[in-house]
Amino acid sequence: MKESDRKRLHDLAGGRCTICRMPASEVPLQEAHIVSAKADGPRGDDPLPLNQRDTYENTLLACANCHHGIIDKDVEQWPVARLHAVKAEHERWVRRLNEPVSELSGNVNVRATGGDDVAGFRARRPTLVKPGTNINVDATGVRRVTGVEIGGSDG
Ligand SMILES: [Zn+2]
């Protein structure tokens, strides 16, 4: 696989198994072929040409258990289309993990015990607080409570 493809694969998977999401710090991760590199390997009968199988598009990051014990063991349950869908969903999940909060809605509960000055919610970047958002601050014994403080940049 090209070095740029390898880097992209590892970066977009967030260093986690695509199937069980275990992090690389807990389990070694492998580059697993979606369509096997060999014609007689798992899903190897796919029409994808042999010389186009060692690519970012045709691989996903998985732990040994998920790679050999699940997706390559039961190819009926794990066809090419499902693996592509699971990989795309995993990469979306990783992107969301890395996004800072920029919108609040629903109920936000903040509990603060002690302290002179407590902000229930402090945003460090422009944040949309949607109409109907409830910010409940439970801060008994605190001298000053700010429910929402937008634009604080220290701390
Ligand atoms: Zn796994």
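Residues numbered from 1 in each chain as written. Predicted model: local features only at pLDDT ≥ 70, side-chain atom pairs only at ≥ 80, totals over all residues.

In this section: the overall build of the chain. Looking only at helices and strands, the chain has three helices and eight strands in total. Scored against the burial criterion, the 155 residues of the chain give a buried share of 17%. (Helix = DSSP H or I, 4+ residues; strand = E, 2+ residues; numbered from the N terminus. Buried ≥ 20, exposed ≤ 12 C-beta atoms within 10 Å, placed from the backbone.)

Attention now moves to the nonpolar core. Residues C17, L60, L61, A62, C66 and I71 are the most contacted members of the largest nonpolar core, which totals 15 residues. Counting only elements with at least two residues in this core, the list comes to β1 (29-33), β2 (59-63) and α2 (64-71). Among the elements that take part in this core, β2 stands out by supplying four residues, more than any other. Once you skip the residues sitting within four places of it in the chain, C66 turns out to touch C17, I19, C20 and I71. (Core = buried A, V, L, I, M, F, W, Y, C linked by C-beta atoms within 7 Å. Contact = placed C-beta atoms within 7 Å.)

A rise of 1.5 Å per residue sets the reference length of helix α3 (residues 80-97), with its 18 residues, at 26 Å; its end C-alpha atoms lie 26 Å apart and thus fit the reference within 8%. Within α3 the residues assigned to the buried category are L83, K87 and H90. Within α3, the buried residues cover an arc of 65° as seen down the axis, which keeps them to one side. Turned more than 90 degrees away from the buried face of α3, the exposed residues are A81, R82, A85, E89, R92, R95 and R96. Residues of α3 that are buried sit in contact with β2 and α2. (Expected span 1.5 Å × (residues − 1). Arc of directions from axis to C-beta.)

The subject of this paragraph is α2. Note that an α-helix has 3.6 residues per turn; residues three or four places apart therefore point the same way. Every buried residue of α2 is listed here: C66, H67 and I71. Looking straight down α2, one finds its buried side chains confined to an arc of 100°; they lie on one side.

Quick look at the environment of E91 now. Summarising the element assignment, E91 is placed in helix α3. Spatially, the C-alpha atoms of E91 and G14 are 7.7 Å apart, while their sequence positions differ by 77 residues. For E91, the residues in contact, after removing those within four places along its chain, are L12 and A13.

We now examine the pairing of strand β4 (residues 107-111). Every other side chain in a regular strand lies on the same face of the sheet, so the side chains alternate between the two faces. Where burial is concerned, little of β4 is hidden: zero out of the five residues are buried. Of the strand pairs in this sheet, β4 and strand β7 (residues 134-138) are connected by five bridges, and their pairing is parallel. Note that in β7 the partner of V108 across the bridge is I135. (Pairing = 2+ DSSP bridges.)

This part takes up unusual backbone geometry. Of note in this structure, R21 is not a glycine but carries a positive phi near 70°. Here R21 falls in the partly exposed class, since 14 other C-beta atoms lie within 10 Å of it. Here R43, not a glycine, exhibits a phi torsion of approximately 60°, which is positive. Positionally, R43 belongs in the loop between β1 and β2. On the basis of neighbour count, R43 is assigned to the partly exposed category, with 18 C-beta atoms found within 10 Å.

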